[in-house]
Amino acid sequence: MALGGGGARGFAHLGAMIALESAGIRIDSIAGSSMGAAMGAVRAIGGDLRMTAEVVRSLDLRALLQVSGSPVRELQRFVGRSVVEYVRGSTWREDELAPDLARLSELFSLLTARKTFDDVEIPFCAIAADLETGERVELRRGRLSVAALASAAVPGLFSPVLCEDRYLIDGGTIDKLPIGAVIDMGADAAIAIDTGAPLSRPIGTWLDVLLQSQRITSHHLTRLQVAQASDRLSGRLIVLRPDVGSIRMLDFDRAGEAIEAGARCVDARLGEIRSRIGG
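These notes cover the structure that comes with them. These numbers were taken from a predicted model, which means no experiment stands behind them.

Side note on the packing of aromatic side chains
1) Next: Per the counting criterion, the structure on display carries two aromatic pairs.
2) Next: Taking 6.5 Å as the distance between ring centres and 75° as the angle between the ring planes, the aromatic pair formed by phenylalanine 11 and phenylalanine 252 counts as edge-to-face. Of this pair, phenylalanine 11 sits in the loop between β1 (2–3) and α1 (12–22) while phenylalanine 252 sits in the loop between β8 (237–240) and α10 (255–268), and the two are 241 residues apart along the sequence. In this structure, phenylalanine 11 and phenylalanine 252 share a single accessibility class: buried.
3) Next: Ring centres of phenylalanine 117 and phenylalanine 124 lie 5.7 Å apart, and the angle between their planes is 20°; this geometry places the pair in the stacked category.
4) Next: Phenylalanine 124 gets classed as buried once you look at its relative accessible area, which sits at 5%.

Written out as structure tokens, the structure reads:
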């Protein structure tokens with residue numbers, strides 16, 4: 001199973017995995033980018049997915065993560081912080097864990113029960129990108145919460161994460177839907193869940209143009225990766241795209257909607273999953 005990024009949209013992975021588990025579909029390996037890494041880690045340790053869904057629904061994630069939900073406000077905060085760092089230096093290089101990462105780290109520690117890769121029941125890797133070299137990084141050791149944190153460190157929203165002696169950022173910048181990783185882990189069939197932003201968003205401001213340009217790049221990269229993975233798997237690939245297009249990356253108050261959308265998507269294609277993938 002390959003789980004993509006998407007911020008709040010990524011909670012659809014949780015609903016999809018609950019539906020797959022209920023249907024008895026066996027998962028032999030998991031790779032995830034960004035929120036997909038965090039949700040994949042929960043499944044990899046054999047976590048109670050339904051309880052996790054209830055926890056996610058009950059938390060005020062916007063308050064917990066101290067995000068506004070507004071891209072404009074987050075941009076203003078980013079610019080302000082950048083000006084301060086220009087004067088006094090990069091704050092995220094001063095501490096092993098930057099202050100803005102502390103709350104996200106606690107959330108991921110809670111969801112993964114503070115377990116490590118040694119505790120997983122299903123082989124798992126998290127994808128991140130090396131900030132300084134651009135290298136794609138597969139994280140397979142240490143604490144799962146740290147790996148998920150590095151994979152989900154969206155530039156401009158969260159500071160880079162110091163992990164394995166290098167600064168890592170959001171895995172979605174380099175591998176939005178890591179199907180190749182599960183193939184390399186031995187998979188001969190795969191389910192990929194794409195929770196990326198759609199290209200159909202309204203475009204009215206310069207910020208919208210900037211965000212749309214990033215979505216276009218991500219869309220075409222993902223399409224190429226899916227085509228390559230399908231060839232490697234001789235067509236034994238199912239790509240699920242839950243109906244979460246109206247949910248923005250920072251809409252953490254809509255996590256419940258994303259979970260339900262993930263479950264509906266699996267239920268709608270369960271017959272195809274069984275016939276092509278097995279289970």
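With respect to the pattern of salt bridges
1) Next: By the definition in use, this model includes 19 salt bridges.
2) Next: The salt bridge involving arginine 62 is made with aspartate 253; its shortest N-O contact spans 3.4 Å. Note that arginine 62 is positioned in helix α4 (residues 61–65) and aspartate 253 in the loop between β8 and α10, a separation of 191 residues in sequence.
3) Next: Note on arginine 62: relative accessible area 24%, which makes it partly exposed.
4) Next: Glutamate 135 is the partner of arginine 166 in a salt bridge, and the nearest nitrogen-oxygen pair spans 3.0 Å. Placement of arginine 166 in strand β6 (residues 166–170) and of glutamate 135 in the loop between β3 (124–130) and β4 (136–139) is noted, with a sequence separation of 31 residues between them.
5) Next: A residue is classified by how much of its surface remains accessible, and arginine 166, at 22% relative accessible area, is partly exposed.
6) Next: Counted as one network, the salt bridges with shared partners bring together Arg62, Asp251, Asp253, Arg254 and Glu257.

About the cut-offs
Residues numbered from 1 in each chain as written. Predicted model: local features only at pLDDT ≥ 70, side-chain atom pairs only at ≥ 80, totals over all residues. Heavy atoms only, no water. Phe/Tyr/Trp six-rings, centres within 6.5 Å; stacked < 30°, edge-to-face > 60°. Helix = DSSP H or I, 4+ residues; strand = E, 2+ residues; numbered from the N terminus. Buried < 20%, exposed > 50% of the residue type's maximum accessible area, 1.4 Å probe, protein only. Salt bridge = Lys/Arg side-chain N within 4 Å of Asp/Glu carboxyl O.

Nothing here speaks to function; it is geometry throughout.
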